[in-house]
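What follows is each chain in one-letter form.
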Amino acid sequence: MLDATQSRQLLAKVVAIASKTPGAEAVVSLRGGRTGNTRFAVNEITSSADVETQDLSVTIKLGKRSASASTNQLDDRSLAEVVARAVQMAKLSPENPEAMPPLGRQAYKQVKGARDAATAKLGAEPRAKAAGASIGLAATSKVTIAGYYENADRTRALASTAGLSAFHAWTSAGMTCTARTPDGTGSGWAGGASHRAADFDAAALAKIAVDKGVRSAKPTRLDPGRYTVVLEPAAVADLLEFLTGSFNARRADEGRSFFSKPGGGTRVGEKLFPDTITLRSDPTDAQLEAAPFDGSGFPLAPTTWIDKGVVKGLVYDRFWAQKQNKQPTGNPQGWILDGGKATREELIKGVKRGVLVTRFWYLRWIDPQTILITGLTRDGVFLIENGEVTRPVNNFRFNESPVQMLGKCDGLTASVVSPMGQMRVPALRTHEFNLASISEAV
Amino acid sequence: MISRRSFLAGSLAAAASVRLVDARGLMTDPVLDDLIQRTLATAKKAGATYADVRIVRMRNERVFTREDRIDGVSYSDQYGVGVRVIAGGAWGFAATPSVTIAQAERIAKAAVAIAKANAPLLKRPVALAPEPAHVDVWQTPIAKDPFKIPLEAKAELLLAINQEAMKVPGVKFVNSWYTGNAEWKLLATSDGAYIEQEIVRLEPGFSVTAVDDKRGEFESVDDDTPPRQAGWEYVENAALRSSARRVAELAVEKLKSPSVTPGKRDLILDPTNLWLTIHESIGHPTELDRALGYEANFAGTSFATPDKLGKLRIGAPHLTFYADKTTPGALATCGYDDDGVKTQRWNLVDKGIFVGYQTTREQAGWINEKASRGTCYADSYGSFPFQRMPNISLAPGPQERSIDDIIAATDDGVVVHGRGSWSIDHQRLNFQFSGQTYWEVKGGKKVRMVRDVAYQANTIDFWTSCDLIGGPKSWWLGGSMSDGKGEPGQSNAVGHGCPPARFRKQNILDTNRRRKA
């Protein structure tokens, strides 16, 4: 994998090749990656891999004509070929009146400590050790465990004929595991993620999954309906993603978004959520594996999108910002739903009758206008009665919106890195959550 | 299908690549033969009891447009080599984009080292079901190579679609797209298999959005042209441009339509919707690794466990679901899987009874089968090959019956067309699907278009309630360019064919939340 200097040299070479075409502007980007993974299931390791990847993408602009070509071969002949292909495609492509010129030199925020050397070089043996710790615990507890451990060392670099020069290197690691009881009636899950493998402990995660699996065995029936729910961070993150992906300003202006206002305009400035809801993005949060620039090289800044319940802004690309006389935002990374002061136990204590949810599964859009999403609960669902978790219950299909999840939220724990990574969220309590039908799956 | 087995029968793997070049010339670089032989030898020397080398090139071309302009034009070319080994009874895998002898030998050693690191935690060593060492070439039969069709022709077609759709009053947005993929791969195994294949897949399509600014409402309808394994002639012959106006009119009508009346009603599914229901409720539960717990941490497990094989009634007696990687044009069709197993057709559900699984060479022995069904696949040079879904289809009924015949026989129901929202639980029981367009049926007639429809059911109840299916002429081949499975996630293209069908007294939901928004 190429380091910062090598990446910059390679991109400079490609920009120089592109500059030979009269009138051509170019943006070139390079991604590099070394990823390792180990899977385990039925209490043994099932597969493991170390894989190298690289990808060079060249976008050529000839006036308002533009096209992109990419290759993962970085020898001189391949570089010349990929540029020639992008030039040829751009010439053949119809004009795009929305084409924007390449970015020039930018100033980027620092993401301190984004690359952890120990995580970068982590190999099959420590991964096998993590799997082994989980398997050992599962065997002792007479449950069956399956899981996945992955670590990655990645780079992203961009350059342009206008002087753009960006480079970011970061690492990531994550582990998830699912423990099932031998009778097939109990299943528990846990996960951890960070840019540093040392930030989570495989055995501790396995213990949570095993405990939850055992406690969730032999669930009793709970009817579908609208319930008060306590959602653990993995569930919150899964549903919240549909909201964070809906901030596109253009779609709102075009009248085809939750953030569109009937009769025209957007809902920016409206108070749609309680005072406790603040949603931000912070590209400098190393644990979220964010980069200080987006895919076009646009510099990202910490931004508040919902402030104490009020919608503060939408996501503008450069073209739409120019057209609407707004500032472009870039494509935000590192989403954070600010937490509160409650503990998980306090959230549960405040529930007369409700449901505790570990995580969701198979979330899909039903209606983009209301951000109505369907999905299922999974791997640990419990009834809460009079402030206490009383018994495991069946899984549910839900039909609900993250807008309502936040709108009816009345309690938040501190935010943590989501077990799936890339987002910081709290556990939260919300009401009238539509658990629409029973799922017999365990 | 192009097969040259007759020319190649009896050849030895060592000399095979030369023969392949002579036979057809698909393989552009005979130097690869040397790389393959040395890599397999290196893996063996390092301690592998089995090794395979896959050299893969994936090409992808995309064109996106909206209304009267181009949104994006891109081409990608990814090439590399992956080495999979068994050492100490465990799998190991490593891959690199540097396709040189030195790098391939390096990753062969790395793959063996990974396998050895994992071997101590293994309870039972990996054992591969026997398979003849095939030496062959296979490619998608195409008349016009889509990668040689000029970009202008693709852009022109898409912009013409948009222009037609935008003529309809009330239509505000149109997005159209074209994707072409070419997957070339050379697989060589230490068992002597030597197989070269090229698979070409295309997906043209468009989506029309109507907006009512005053009410602040919008609705979209997607065209239902299915992706196919085909040449450019498929796009030329598809009725994309001629259907643009009709799809646009549907979007406008959908926006004006009332919400469905929910409740227990008969459900009539057009094949453009039913294929995805088959994929989720029959396709995934019959993956053997899933049924045995190997996917428990991500995709989940299955209601169709091996103890139920040959016993469980999944659906009505007139329903037979078959798997294959041989249906012409279907997205998963090829000559050999990534274990080097010759592709075939077999039943998963026979007359309503669960009878079969999707397997690989590793898995066949897990249920005491003697040979693999040939469903091993990896989505790039850098991906570990494992069990992936083949084409899975519902056989048509013996007598001719169209969707109109089914509607005429229905007193109170809802007809669903197109691929909408889809979600199913992790044992493949509770599912909920929507579509693109919906009509209410009363007294044997489509009476009005409705919207905000979803149907929610349990897999076995659903298929058991099926009382009518269409005949041979109503059978339609759909599919998806991407189906996810595994950790790290891999994507697989799958084809699914089916006739229309009716399901009695299903749970129809009204998903309208606008009044509360």
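Residues numbered from 1 in each chain as written. Chains lettered and ligands numbered in written order. Predicted model: local features only at pLDDT ≥ 70, side-chain atom pairs only at ≥ 80, totals over all residues. Heavy atoms only, no water.

We now examine the sheet that holds strand β11 (residues 345-350) of chain B. Within a sheet, each strand pairs with its neighbour through backbone hydrogen bonds, oriented either parallel or antiparallel. All names here are of chain B. Spatially, the four strands line up as an open sheet ordered β12-β11-β10-β15, and their pairing is antiparallel. The open sheet has two edge strands, β12 (353-354) and β15 (391-394), and neither has a second partner. Where strand β10 (residues 321-324) meets β15, four bridges bridge the pair, whose relative direction is antiparallel. The partner of D324 across the bridge, within β15, is N391. Most of the contacts of helix α8 (residues 271-283) go to β15, to which it runs at about 110°, and overall it touches β10, β11 and β15. (Pairing = 2+ DSSP bridges. Helix = DSSP H or I, 4+ residues; strand = E, 2+ residues; numbered from the N terminus. Contact = heavy atoms within 4.5 Å. Axes fitted to C-alpha atoms, helices over the stretch in contact; angles between N-to-C directions.)

On to the packing of aromatic side chains. For the coordinates displayed, the defined rule picks out 31 aromatic pairs over all chains. An angle of 90° between the planes, with centres 5.9 Å apart, marks the rings of W361(A) and F298(B) as edge-to-face. Within this pair, whereas W361(A) is found in strand β12 (residues 353-367), its partner F298(B) is found in the loop between α9 (288-291) and β10, the two belonging to separate chains. Relative accessible area serves as the criterion here: at 10%, W361(A) is assigned to the buried category. Residue class for F298(B) comes out partly exposed when judged on its relative accessible area of 31%. With a centroid separation of 6.3 Å and an interplanar angle of 90°, the aromatic rings of F431(B) and Y455(B) are classed as edge-to-face. One end of the pair, F431(B), is in strand β18 (residues 430-433); the other, Y455(B), is in strand β21 (residues 453-458), with 24 residues separating them in the sequence. (Phe/Tyr/Trp six-rings, centres within 6.5 Å; stacked < 30°, edge-to-face > 60°. Buried < 20%, exposed > 50% of the residue type's maximum accessible area, 1.4 Å probe, protein only.)

Attention now moves to the interface of chain A and chain B. Every contact between the two is made by 85 residues of chain A and, on the other side, 78 residues of chain B. Our count for the contact surface shared by chain A and chain B stands at five salt bridges. The residue E400(A) makes a salt bridge to R513(B) at a minimum N-O spacing of 3.0 Å. The leading source of residues in the side of chain A that touches chain B is strand β2 (residues 44-62) of chain A, at 12 residues. In terms of residue class, the side of chain A that touches chain B is made up of 28 nonpolar, 35 polar and 22 charged. (Salt bridge = Lys/Arg side-chain N within 4 Å of Asp/Glu carboxyl O. Nonpolar A, V, L, I, M, F, W, Y, C, P; charged D, E, K, R; others polar.)

Moving on: helix α4 (residues 101-118) of chain B. Two residues of an α-helix separated by three or four positions point the same way, owing to the 3.6 residues in each turn. Here α4(B) spans 26 Å end to end across 18 residues, near enough to the 26 Å set by a 1.5 Å rise per residue. Those residues of α4(B) lying buried are A104(B), E105(B), I107(B), A108(B), A111(B), V112(B), I114(B), A115(B), A117(B) and N118(B). Looking at the buried side of α4(B), the elements it contacts are β2 and α4 (124-140) of chain A together with α3 (31-46), β2 (69-87) and β3 (90-96) of chain B. (Expected span 1.5 Å × (residues − 1).)

Our next topic: the pairing of strand β14 (residues 388-392) of chain A. Residues and elements named next belong to chain A. In this sheet, β14 lies alongside strand β13 (residues 372-385) in antiparallel orientation, the contact comprising four bridges. Within β14, the residue paired with E385 across the bridge is E388. In this structure, the hairpin formed by β13 and β14 is closed by a connection of two residues, where N386 is found at a positive phi of approximately 45°.

Right, let's talk about the confidence of the model for chain B for a bit. Looking at chain B as a whole, the pLDDT averages 93, with 94% of positions reaching at least 70. Within the model, the stretch residues 1-25 of chain B combines pLDDT values under 50 with 42 contacts to residues more than four positions away or in other chains. (pLDDT = per-residue confidence, 0-100.)

Taken as a whole, this structure holds four cavities of 30 Å³ or more when the rule is applied. The space that makes up the largest cavity amounts to roughly 60 Å³. Together, 13 residues line the largest cavity, and K185(B), K325(B), A332(B), C334(B) and Y377(B) are the ones closest to its centre. Class assignment of the residues belonging to the lining of the largest cavity gives a composition of seven nonpolar, one polar and five charged. Taken as a whole, the second largest cavity spans an internal volume of roughly 50 Å³. Around the second largest cavity, the lining residues are M1(A), L2(A), S7(A), L30(A), R31(A), G32(A), G33(A), T53(A), Q54(A), L74(A) and T155(A). Secondary-structure elements contributing two or more residues to the lining of the second largest cavity are β1 (24-41) and β2 of chain A. Per-element tally for the lining of the second largest cavity: the top contributor is β1(A), with four residues. (1 Å grid on protein atoms, 1.4 Å probe; cavity = no way out; pocket = protein on both sides within 12 Å on 5 of 7 lines; lining within 4 Å. Points joined across faces, edges and corners; volume = space filled by probe spheres on them.)

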